Amino acid sequence: ETGVTQTPRHLVMGMTNKKSLKCEQHLGHNAMYWYKQSAKKPLELMFVYSLEERVENNSVPSRFSPECPNSSHLFLHLHTLQPEDSALYLCASSRDVTSGSYNEQFFGPGTRLTVL
Amino acid sequence: AQSVTQLGSHVSVSEGALVLLRCNYSSSVPPYLFWYVQYPNQGLQLLLKYTTGATLVKGINGFEAEFKKSETSFHLTKPSAHMSDAAEYFCAVSAQTGYSTLTFGKGTMLLVSP
């Protein structure tokens, strides 16, 4: 595997279910990100991790719980979601979290989540 | 705070025609600027970026963009559209200092007809 991978690619869940999204990067990066992509809205940054430490949390509801056990893996734990949480969830990674001309973000293919 | 405006949620061109996708940004200090492309059922792929230096930036697949500070614009162009260019395009900015988080525009869907 190369780049950034995400599993599952598609997920359908009920509002009472608990599920997890997984992201893995094979680029040796130290920073990882979760974004939410909803129809007709800009991509929304949800969480930022640097060396397994959360450095940004953009007012995301507590029903979304991130976990970063190491610099290669990032999870998004989901519980008691709402239908409006249906979206494409994208993971990204970058060399590190500080701004710089070299610091490009690489994106995974996303998980298409549908909440019934 | 930074923001990005992409004019036109959909742009339609004929194959071989010029592609022009517009992006304007708002930032208190000059930001880094990016264009990403998203093909159906895929993640975002970086097309090109402006950080410093030459204001005309060339990217992959024949695309280029010009940073115009006076107009706060970073429009994306391609001289001749191919069918394979049909995708959604996102303009994004990030600060030159601090965290490298991206602020995205809403995206422009490029439709290419034969």
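The notes below deal with the structure included here. The structure displayed is predicted, hence computed values, not measured ones. (Residues numbered from 1 in each chain as written. Chains lettered and ligands numbered in written order. Predicted model: local features only at pLDDT ≥ 70, side-chain atom pairs only at ≥ 80, totals over all residues. Heavy atoms only, no water.)

**Examining the overall build of chain A**
Okay, step 1: Helices and strands together make up the secondary structure of chain A, namely zero helices and 11 strands.
Okay, step 2: Going from N to C terminus, chain A has its helices and strands arranged as β-β-β-β-β-β-β-β-β-β-β.
Okay, step 3: For 116 residues, the compact-globule estimate of 2.2 N^0.38 gives 13 Å, and chain A sits close to it at 14 Å.
Okay, step 4: Taken along the three principal axes of its C-alpha coordinates, chain A extends 40 × 30 × 25 Å.
Okay, step 5: Each of the 116 residues in chain A was classed as buried or not, and the buried ones make up 49%.
Okay, step 6: Across chain A, the fraction of contacts at a sequence separation of at least 24, relative to all contacts at a separation of at least 6, is 54%.
Okay, step 7: Accessible surface, chain A: about 5400 Å² in total, of which carbon and sulfur atoms supply 48%.
Okay, step 8: If the 11 positive side-chain charges of chain A are averaged to one point and the 11 negative ones to another, these points end up 9 Å apart. (Helix = DSSP H or I, 4+ residues; strand = E, 2+ residues; numbered from the N terminus. Rg over C-alpha atoms; globule rule 2.2 N^0.38 Å. Buried < 20%, exposed > 50% of the residue type's maximum accessible area, 1.4 Å probe, protein only. Contact = heavy atoms within 4.5 Å. Areas by Shrake-Rupley, 256 points an atom, 1.4 Å probe, with all protein chains shown as cover. Lys, Arg positive; Asp, Glu negative; His and termini not counted. Charge placed at Lys NZ, Arg CZ, Asp CG, Glu CD.)

**Side note on the state of the cysteines**
Okay, step 1: What the rule picks out here adds up to two disulfides over all chains.
Okay, step 2: Disulfide pairing is shown between C23 of chain A and C91 of chain A; the S-S distance is 1.9 Å. Residues C23 of chain A and C91 of chain A are joined by a disulfide whose S-S torsion is about -75 degrees; by sign, that bridge is left-handed. With C23 of chain A in strand β3 (residues 18-25) and C91 of chain A in strand β9 (residues 87-94), this pair connects stretches of sequence that are 68 residues apart.
Okay, step 3: Looking at C23 of chain A, the relative accessible area reads 0%, which means it is buried.
Okay, step 4: Residue C23 of chain B pairs covalently with C91 of chain B via a disulfide, S to S 1.9 Å. Handedness here is read from the sign of the S-S torsion; for C23 of chain B and C91 of chain B, about -65 degrees, the answer is left-handed. Placement of C23 of chain B in strand β3 (residues 19-26) and of C91 of chain B in strand β9 (residues 87-94) is noted, with a sequence separation of 68 residues between them.
Okay, step 5: Taking relative accessible area as the criterion, C91 of chain B reaches 0% and is therefore assigned buried.
Okay, step 6: There is no disulfide at C68 of chain A, and the cysteine sulfur nearest it, in C91 of chain A, is 9.0 Å away. (Disulfide = S-S within 2.5 Å.)

**A look at the pattern of salt bridges**
Residues and elements named next belong to chain B.
Okay, step 1: Tallying each qualifying case throughout the model produces four salt bridges over all chains.
Okay, step 2: The salt bridge involving K58 is made with E64; its shortest N-O contact spans 2.8 Å.
Okay, step 3: Judged by its relative accessible area of 61%, K58 falls in the exposed class.
Okay, step 4: Of the residues examined, E64 reaches a relative accessible area of 23% and is grouped as partly exposed.
Okay, step 5: Between K78 and D85 there is a salt bridge whose closest N-O contact spans 2.8 Å.
Okay, step 6: With a relative accessible area of 2%, D85 lands in the buried category. (Salt bridge = Lys/Arg side-chain N within 4 Å of Asp/Glu carboxyl O.)

**Thoughts on the nonpolar core**
Okay, step 1: Judged by nonpolar contacts, the single largest core of 27 residues is most densely connected at W35, L48, L76 and Y89 of chain B.
Okay, step 2: When residues of this core are traced back to their parent elements, those giving at least two are β2 (10-14), β3, β4 (32-38), β5 (44-50), β7 (64-68), β8 (73-78), β9 and β11 (108-113) of chain B.
Okay, step 3: Sequence-distant contacts of Y89 of chain B, that is, excluding residues within four places in its chain, are made with Q6, L21, W35, Y36, V37, L47, F63, L76, G107, T108 and L110 of chain B.
Okay, step 4: By size, the runner-up hydrophobic cluster in this structure holds 22 residues, among which are C23, M32, M46 and A87 of chain A. (Core = buried A, V, L, I, M, F, W, Y, C linked by side-chain atoms within 4.5 Å.)

**Some points on the interface of chain B and chain A**
When the parts of a complex come together, some accessible area is lost, and that lost area is often taken as the interface size.
Okay, step 1: At the junction of the two partners, chain B supplies 23 residues and chain A supplies 28 residues.
Okay, step 2: Carbon and sulfur atoms make up 55% of the area that chain B and chain A hide from each other, which totals about 1900 Å².
Okay, step 3: Area buried by chain B at its contact with chain A is led by Y99, S100 and F104 of chain B, which between them contribute 27% of it.
Okay, step 4: Viewed at the interface, chain A and chain B are joined by zero salt bridges.
Okay, step 5: Counting across the interface, chain B meets chain A through three residue pairs in polar contact (both at pLDDT 80 or more).
Okay, step 6: If you list the elements that add at least two residues to the side of chain B that touches chain A, you get β4, β5 and β9 of chain B. (Buried area = accessible area lost by both parts, 1.4 Å probe. Polar contact = N/O pair within 3.5 Å; in protein donor to acceptor, adjacent residues only side chain to side chain.)

**Structural notes on the sheet that holds strand β1 (residues 3-7) of chain B**
Residue and element names in this part refer to chain B.
Okay, step 1: Strand order in the open sheet formed by five strands is β1-β3-β8-β7-β6, and the pairing between neighbours is antiparallel. The open sheet terminates on both sides in strands that have one partner only, identified here as β1 and β6 (56-58). Averaged over all adjacent pairs, the angle separating strand axes in this sheet is 20 degrees, with direction ignored. (Pairing = 2+ DSSP bridges. Axes fitted to C-alpha atoms, helices over the stretch in contact; angles between N-to-C directions.)

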